[in-house]
Amino acid sequence: VVAALGYDSPRAERVVLRLLQHYVRRPPPPADGLLSRVSSGLGYVMLLPWQVFVYFFRAAGTPPPELADRSLQVLLLLTQHLPPALFSNPEQPNLFLIALRTVGDLHAEVSEREVDATSDAERGQYKTSQISFRRLHDAICANLPQEGSMVLLYLLLHGHREFLDHTLSRADPDTLVLPLLRTLFLTKRLRPNQLYMVLIVLLMLSQDEGFIAAAHSVVLQSVPWFKGRLLHGVSVGSLIVIVLVRAVQFNIASLHDTYVHTNCLAALANMSPTFRRLHPHAARSLVTLYDILSRKFLKLSAMQTASTSTVEAEMIGEELVLYGDFLRMALEVINVVLAKALAHNEHVVYALLERQAVFAPLAQHERVADLIANVTAVIAHFGAGLEPRGEAEDGGPADDNAVWSVDKVLSHIRSAARSWTASERLRQLPDPRFTYEQEASPEEFFTPYIWQLVCDGAGLSWRADRVAMLAHERTADCDDERVDGLPILSSIDVDAVDETGGPSPSASSGAK
């Protein structure tokens, strides 16, 4: 197909546009085509090659892929892995990828039907190379967490500035964010490739303050898929915080991947200046994040001190430095909230007062003393007057006025906030900002990953032992249980941490 197209720019644009249109429109299979109107004998002869192909190569019990899904697979392959036999010049630009990154937005005043009336993609007659970004965005969101749709979303957000601007300017951030968070909530079911794609997309979205502010303005009455706790009246922004912290907790306990830590903490750091009216559970999650990282840091410090082996001590020391960085990132998130958004986040102050003891063990440690000093200053100011009032004069229990209820504590925090001036009481620190940067050779990630998706979703029986590209990753048929598609990114083994109280597209890239 590619050879027949001649691989020139106009033809590449037409192919990409037609594939995107199939993906967006999801046309149903024809119910009554040409072959059904000709004689049954002729129709049988013409369909015989297809019947043979289906009989010998289609995986048993699998329905034929829809045209939209097949179009997405072809689109991803053309943009990420041109056949070397047809395109032997590695310096030749991928015109299909360029076409994907330059397709225009078909605005609401011009419908796709009107464009189709004067265009013919098959014959190369096009007045414009445009598609409705609104419909494309909605189609991607509707198909998440399908991995192919996740890859397409990444390619558009990272390489297509106009589509990124469209996504960030929408008034319904929940349409995109909720499918991403629901996918991330099921971290233990994700293979590394899928997990990395979700985290990268969230990191890119977190870089825009307007998008995060819009996420905080959308309030959900309930989150049915969030198990273990009922969340009522939670904003989408607060839900992002909760799910990211949960991903860090699960990563410490099970995955042991430093890349997951880095991207979750980077996204939280980017969001922190725009935190508004954080849900109580989100506020407690920030303190819990510091708590689990600090206990891991203290544990590693003790292990290094007790180690009798120089080699072991050096290995522990490397991990200790890493967790020291993670610990600072978690504290920087809290510090930014206290310095720039304290008046809008009374529940964060409440959480600090409620669990102030967790900051004491490292209050004097050189790595984090400056950051904990700011937290201590907030606790001292807002905790003044909240001391226990003791028993009544007759020796009985204190009266109702002596009991600090949640509402009374929040009222006290609001009153104390009137006399709080962050610029005078806190040590000013630079805001942490992280941006995603793609490595120079993303095909090292995408080529095997996309072919893995094609293998899983093509509906064909592949001989895994003959697939050289995936031979080192799979030892069974493609219909068997999935095998991780990427090498382990971290050589550091992280022990499980019990909770108490309450791609990058290449192996070396990440948040910078």
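What comes next concerns the included structure. (Residues numbered from 1 in each chain as written. Predicted model: local features only at pLDDT ≥ 70, side-chain atom pairs only at ≥ 80, totals over all residues. Heavy atoms only, no water.)

## Observations regarding the overall build of the protein
Part 1: Tallying secondary structure elements over the protein gives 21 helices and 4 strands in all.
Part 2: Here the protein, with 512 residues, has 49% of them falling under the buried criterion.
Part 3: As presented, the protein carries roughly 25,200 Å² of accessible surface, and 54% of it is formed by carbon and sulfur atoms. (Helix = DSSP H or I, 4+ residues; strand = E, 2+ residues; numbered from the N terminus. Buried < 20%, exposed > 50% of the residue type's maximum accessible area, 1.4 Å probe, protein only. Areas by Shrake-Rupley, 256 points an atom, 1.4 Å probe, with all protein chains shown as cover.)

## Focus: the packing of aromatic side chains
Part 1: Following the criterion strictly, the structure yields 12 aromatic pairs and no others.
Part 2: Look at Phe 185 and Phe 226: their rings are 5.0 Å apart centre to centre, the planes differ by 40 degrees, and that puts the pair in the tilted class. One end of the pair, Phe 185, is in helix H10 (residues 174-185); the other, Phe 226, is in the loop between strand E3 (219-220) and strand E4 (234-235), and 41 residues separate them in sequence. Taken individually, Phe 185 and Phe 226 each receive the classification buried, so the pair is uniform in this respect. (Phe/Tyr/Trp six-rings, centres within 6.5 Å; stacked < 30°, edge-to-face > 60°.)

## Describing unusual backbone geometry
Part 1: The linkage connecting Leu 144 with the following residue, Pro 145, adopts the cis geometry, with an omega of 10 degrees.
Part 2: Following the sequence through the fold, Pro 145 ends up in the loop between helix H7 (133-143) and helix H8 (147-159).
Part 3: In this structure, Arg 26 takes a positive phi of about 50 degrees despite not being glycine.
Part 4: Turning to its location among the elements, Arg 26 is positioned in the loop between helix H2 (9-25) and helix H3 (40-57).
Part 5: A relative accessible area of 26% places Arg 26 in the partly exposed class.
Part 6: Backbone geometry at His 256 places phi at a positive 60 degrees, although glycine is not the residue there.

## Focus: the side chain of His 216
Part 1: Within the fold, His 216 resides in helix H12 (residues 209-217).
Part 2: Residues within four places of His 216 in sequence aside, it is in contact with Ser 235, Gly 237, Ser 238, Thr 274, Phe 275, Arg 276 and Leu 278. (Contact = heavy atoms within 4.5 Å.)

## Some points on the environment of Gln 356
Part 1: Assignment of secondary structure puts Gln 356 in the loop between helix H17 (346-354) and helix H18 (369-383).
Part 2: Spatially, the C-alpha atom of Gln 356 lies 8.2 Å from that of Thr 376, the residues being 20 residues apart in sequence.

## Points about the packing of H10 against helix H11 (residues 192-206)
Part 1: Axis separation between H10 and H11 bottoms out at 10 Å; the angle between their running directions is 140 degrees. For the element pair H10 / H11, the angle class is oblique. The interaxial crossing formed by H10 with H11 has left-handed handedness. Taken together, the residues of H11 that come into contact with H10 (itself represented by Leu 176, Leu 180, Leu 181, Thr 183 and Leu 184) are Gln 194, Leu 195, Val 198, Leu 199, Val 201, Leu 202 and Leu 205.
Part 2: Here the residues of the contact of H10 with H11 are counted per class, giving 10 nonpolar, 2 polar and no charged. (Axes fitted to C-alpha atoms, helices over the stretch in contact; angles between N-to-C directions. Parallel < 35°, antiparallel > 145°, perpendicular 65-115°, else oblique. Left-handed = near helix turned anticlockwise from the far one by under 90°. Nonpolar A, V, L, I, M, F, W, Y, C, P; charged D, E, K, R; others polar.)

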